[in-house]
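A closer look at the structure
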Amino acid sequence: MQELLRRNPAARAWALIMPSLVFLLVFFVAPLFIVLIYSFLTRGKYGGVVWQFNPENFQRALDPLYFSTFLRSIYIAVVTTLICLVLGYPLAYWITTRPPGQRNLLMLALMIPFWTNFLIRTYAWLTLLRTNTGLINVSLMSLGVIKKPLPLFANDFAIILGLVYGWLPVMVLPIYAALERLDKSLIEAAQDLYATNRHVFLRVIWPLSLPGVVAGSMLVFIPAIGSFVTPAILGGGKSLMIGNIISNQFLAAHDWPFGSALSTLMMLVMLLGTLIYFRSALREGGGV
Amino acid sequence: MSRSLLFVMLVAVVLVAVACAPPPAPAPAPAQPEQPAAAEQPPAAPEVQPASEIVLYNWSEYIDPEIYTQFKELTGIDVLEDNFSSNEEMLAKLQGGASGYALIVPSDYTVAIMIEEGMLHKLDHDNIPNLVNLSERFRNVPYDPGNVYCVPYQWGTTGIGYDSAVIDAPTSWAAIFEPDPNTPWYGRTTMLDDPRESFAAALTYLGYDINTTDEKQLQEAKEVLIRAKPGLSGYDSDTFEDLVASGENVMAHGWNGDFLVAQEDNENVAYVVPEEGGVVWVDNICIPATATPEQKLAAEMFINYLLEPEVGAQLSEYNYYASPNAAAEEILGEEFLGDPTIYPPPEVLEKLQYIEPVGEMESLYQRLWDEVKSS
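Let us look at the pairing of strand 10 (residues 269–272) of chain B. Residue and element names in this part refer to chain B. Residues Val269 and Tyr271 line one face of strand 10 and the alternating positions Ala270 and Val272 line the opposite face, and both faces are buried. Looking at chain direction, strand 6 (residues 150–163) and strand 10 are connected through 4 bridges and run antiparallel. Its bridge partner being in strand 10, glycine 161 is matched across the sheet by tyrosine 271.

This is the structure we're talking about:
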């Protein structure tokens, strides 16, 4: 064995990747397959599955109830992604203009929220947003700025706010990475050729940062569409996203096959969206 | 900043994000959950020693933690606790293969389901001599006559809690189901995030059986629940009483004892069963079939300890729920037993109904509940 590893570089490479390969096969690929198989089976009365082929799960998924929740989730995820982009891009750009020492510090500051569990941070938002006892409404009312509490909680506003807060750093990081390695002499060249600031941005900076924008948008969009804790807490449980419906199938309705079918559909949609997005964006951006 | 450092940070962020994301689905269990041979198991051999540590899977804030300390001193056994917030959640976890629990606290209708599914151990009454302390009516509950599988833990009712400093007692479910923007509780009310309980409230308001399997009645109840939604600030089964006590909300659909506990923070919190009626329930302590003989023995010792008169009284004084334990009631005294919120008077009691299993119709309840919540 040792002989083989010493003599054969290919065997060495295989030996090195084997642990991660096995790990991914067992803990990533296998569960996905189980979800896929379950989605074609019949539900057990109180959870579990009965080994009987049943294509109806996918028909049910197209039911207006679940379909409209799906569209709503897409809408919330798109709005979240756009807001993150509008807020995150200038921030990322500004950080690249700082001296290198400051940049590291700023990136570190961006990471600090991740040191606390997302669930706890979401609960902290509750303290701020609650309609009648939340810090924001109480302060504004006692200052006399508003007479009636603002509707800050248990609505789409609260859900999107919570999602933007949670995923903004993930948008900033790849954009920052793309902007930082942008060759500044290209900007100077454009300016030498009498490009206006607007043109410099639209023709040089934006296209070259596009891979970062694409990566950041995917990193925000995917968790946002599947989010589950944020709508449950900040939405007051009053509006469901597809993540809540899926979790309900397992935790409340005891319908694993239907939950699996919804998960499978969601994965397919995201896979398709990712492929289309990457292809079109990379064509425009001229590759990474 | 070097690119590799940035990359490491990005990976770290994604990993943290993934770790924080809720599990998308329970761990896949064996497709055909083998039914543990609960009933056939040979009687525990005399040399079985009780486990030194067991886990109780319970509703939150439902047991005085002091009881664990006392039990540990007495027997040397550690009792750890994990919490759930609905029967459905607990059932789903156990069905999903969670096997670490030696004790669980399901409500009446869920006990019936779990017996049918073979998910519970039969209790060895020799290890629970304190069973004699139970009141007569709790020795023969309809879902488990003779306490073969479970021992009643506490019982209570579902109605409406409210802030008596702001409003008078809501005497009808109309307060929730006919929302009016001019009332002080509009937008400051929660309902339980629990399909069976919330449908029970709507069905009671409509004058129907809360265990109906008539689809037309259920559709009607769904419409009533949707109509109530603009007046609600949310669906909540865990903190509804605290939100009334803090002044965030004025009214909440919930369980009687929880509101009484909240009175410690705000004496104006009160509770009423509306005149149309409400739900009465019994929570029970049982041993899941996945428990080992050692865990089962320790669990039976703990059940027996809970049935001690003093411990039963201690339990009720902590969670403000009525006790099924006649010997404990003697210690609790007149003031506790005479509290109509804890022990509903006969005229209220007769308007209360039990939630019962609805079998295949459960998925319809869940589906209509999804429609309510996503409307």
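So, next bit.
The next subject is helix 8 (residues 156–180) of chain A. Residue and element names in this part refer to chain A. A rise of 1.5 Å per residue sets the reference length of helix 8, with its 25 residues, at 36 Å; its end C-alpha atoms lie 35 Å apart and thus fit the reference within 8%. Along helix 8, the helix axis deviates most sharply at tryptophan 167, where the bend reaches about 45 degrees; the proline proline 169 sits within four residues downstream. In terms of residue burial, helix 8 counts as a mostly covered element, since 20 of its 25 residues are buried.

Turning our eyes to something else, we now look at the confidence of the model for chain B. All names here are of chain B. Counting all residues, the mean pLDDT for chain B is 88, and 88% of those residues have values of 70 or more. Every residue in residues 5–9 is under pLDDT 50, and counting partners more than four places away or in other chains gives 5 contacts. Segment residues 11–40 is flagged for pLDDT under 50; beyond a separation of four residues in sequence, or across chains, it makes 43 contacts in the model. In the predicted assembly, ipTM is 0.79 and pTM is 0.81.

Grouped together as the largest cluster of nonpolar side chains are 109 residues, with contacts concentrated most on Ile54(B), Ala102(B), Leu103(B), Ala202(B), Val244(B), Ile285(B) and Ala299(B). When residues of this core are sorted by domain, at least three fall in each of domain 1 (53–155 + 281–343) and domain 2 (156–280 + 352–374) of chain B. For Ile54(B), the residues in contact, after removing those within four places along its chain, are Ile77(B), Val79(B), Ala102(B), Leu103(B), Gln295(B), Ala298(B), Ala299(B) and Phe302(B). Listed in part, the 53 residues of the second largest apolar core include Cys84(A), Ala178(A), Met218(A) and Phe221(A).

Let us now look at helix 11 (residues 309–319) of chain B. Along helix 11 of chain B, the residues classified as buried are Val311(B), Gly312(B), Ala313(B), Gln314(B), Leu315(B), Ser316(B) and Asn319(B). Against the buried residues of helix 11 of chain B lie helix 2 (66–75), strand 6, helix 9 (256–262), helix 10 (293–306) and helix 12 (326–337) of chain B.

On to the interface of chain B and chain A, then. If you look at the interface, chain B gives 44 residues, while chain A gives 49 residues. Elements with a contribution of two residues or more to the side of chain B that touches chain A: helix 1 (3–20), helix 3 (87–95), strand 8 (232–235) and helix 14 (362–374) of chain B. Per-element tally for the side of chain B that touches chain A: the top contributor is helix 1 of chain B, with 8 residues. Class assignment of the residues belonging to the side of chain B that touches chain A gives a composition of 23 nonpolar, 9 polar and 12 charged.

We now examine the environment of Ile342(B). Residues and elements named next belong to chain B. Inspection of the secondary structure puts isoleucine 342 in the loop between helix 12 and helix 13 (346–349). By the C-beta count within 10 Å, which is 21 here, isoleucine 342 ends up buried. Between the C-alpha atoms of isoleucine 342 and serine 323, which are 19 residues apart in sequence, the distance is 9.3 Å. Not counting residues within four places of it along the chain, the set of residues in contact with isoleucine 342 comprises Asn256, Leu260, Tyr320, Ala322 and Phe336.

Residue and element names in this part refer to chain B. Where helix 6 (residues 195–206) contacts helix 7 (residues 215–228), the two axes come as close as 9 Å, and the packing angle between them is 100 degrees. Judged by the angle between their axes, helix 6 and helix 7 are roughly perpendicular. Packed against helix 6, whose contacting residues are Ser198, Phe199, Ala202, Leu203, Tyr205 and Leu206, the element helix 7 presents Gln217, Glu220, Ala221, Val224 and Leu225 at the interface. Its residues placed into classes, the contact of helix 6 with helix 7 shows 8 nonpolar, 2 polar and 1 charged.

Parameters at a glance
Residues numbered from 1 in each chain as written. Chains lettered and ligands numbered in written order. Predicted model: local features only at pLDDT ≥ 70, side-chain atom pairs only at ≥ 80, totals over all residues. Buried ≥ 20, exposed ≤ 12 C-beta atoms within 10 Å, placed from the backbone. Helix = DSSP H or I, 4+ residues; strand = E, 2+ residues; numbered from the N terminus. Pairing = 2+ DSSP bridges. Expected span 1.5 Å × (residues − 1). Bend = angle between axes of the 7 residues up to and from the residue. pLDDT = per-residue confidence, 0-100. Contact = placed C-beta atoms within 7 Å. Core = buried A, V, L, I, M, F, W, Y, C linked by C-beta atoms within 7 Å. Domains from an automatic or database assignment. Nonpolar A, V, L, I, M, F, W, Y, C, P; charged D, E, K, R; others polar. Axes fitted to C-alpha atoms, helices over the stretch in contact; angles between N-to-C directions. Parallel < 35°, antiparallel > 145°, perpendicular 65-115°, else oblique.

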